Amino acid sequence: QVRLVQSGGGSVQSGDSITLACAASDKISTYLMAWFRQAPGKEREFVSSMHWIRTAYADSVKGRFIIARDNAAKTLYLEMNSLKPEDTGKYFCAAAPQYSEDYQIPATYQEWGQGTQVTVSS
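Below is a short write-up of the structure.

Criteria and cut-off values
- Residues numbered from 1 in each chain as written.
- Predicted model: local features only at pLDDT ≥ 70, side-chain atom pairs only at ≥ 80, totals over all residues.
- Heavy atoms only, no water.
- Helix = DSSP H or I, 4+ residues; strand = E, 2+ residues; numbered from the N terminus.
- Rg over C-alpha atoms; globule rule 2.2 N^0.38 Å.
- Buried < 20%, exposed > 50% of the residue type's maximum accessible area, 1.4 Å probe, protein only.
- Contact = heavy atoms within 4.5 Å.
- Areas by Shrake-Rupley, 256 points an atom, 1.4 Å probe, with all protein chains shown as cover.
- Lys, Arg positive; Asp, Glu negative; His and termini not counted.
- Charge placed at Lys NZ, Arg CZ, Asp CG, Glu CD.
- Salt bridge = Lys/Arg side-chain N within 4 Å of Asp/Glu carboxyl O.
- Pairing = 2+ DSSP bridges.
- Axes fitted to C-alpha atoms, helices over the stretch in contact; angles between N-to-C directions.

**Some thoughts on the overall build of the chain**
Inference 1: When you go through the chain residue by residue, the secondary structure sums to 0 helices and 11 strands.
Inference 2: Along its sequence from the N terminus, the chain presents helices and strands in the succession β-β-β-β-β-β-β-β-β-β-β.
Inference 3: Expected size for 122 residues packed as a compact globule is a radius of gyration near 14 Å; at 13 Å, the chain falls within 12% of this value.
Inference 4: Dimensions of the chain along its principal axes, counting C-alpha atoms only, are 40 × 25 × 25 Å.
Inference 5: When burial is assessed residue by residue, the chain has 43% of its 122 residues classed as buried.
Inference 6: Relative to all contacts within the chain whose residues are 6 or more apart in sequence, the contacts with residues 24 or more apart total 59%.
Inference 7: Entry remark: accessible area of the chain is about 6300 Å², with carbon and sulfur atoms responsible for 48%.
Inference 8: Of the charged side chains in the chain, 12 are positive and 12 negative, and the gap between their average positions amounts to 3 Å.

Listed below in structure tokens is the structure:
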């Protein structure tokens, strides 16, 4: 069971960049790792995932966000560029012990970070 602790986030202007980090208590090199976000009153939605070198992105963030993993540091990152007001929400990292084709579904993941708020103003 891996524990996840998030850092980063904050309030930025439209067009700015920000990077989120998710530090794991154990090695995550073989885990399916992901980022989700949740806006007030909305369901948690998939943002990006990574398993080994295979990455996936939601259409809404493709070309702007980059998911990365530092195996030595046991940390997952989400670099968010060209931020838009609609990117506002609470961002969560998540981990599953093995790959699943249902990587876009929150129920696939067993462990979650505490969440960090990202607010983008226009």
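What follows picks up the thread again.
**So, the pattern of salt bridges**
Inference 1: Applying the stated criterion across every chain yields a total of 4 salt bridges.
Inference 2: By sharing partners, the salt bridges in this structure join Arg-37, Glu-45, Arg-64 and Asp-87 into a single network.

**Thoughts on the sheet that holds strand E1 (residues 4-7)**
Hydrogen bonds between backbone groups are what pair the strands of a sheet, and the pairing can be parallel or antiparallel.
Inference 1: With respect to topology, 4 strands assemble into an open sheet ordered E1-E3-E8-E7, the strand pairing being antiparallel. The open sheet terminates on both sides in strands that have one partner only, identified here as E1 and strand E7 (65-70). Strand-to-strand twist of the sheet, defined as the mean angle between neighbouring strand axes without regard to direction, takes the value 15°.

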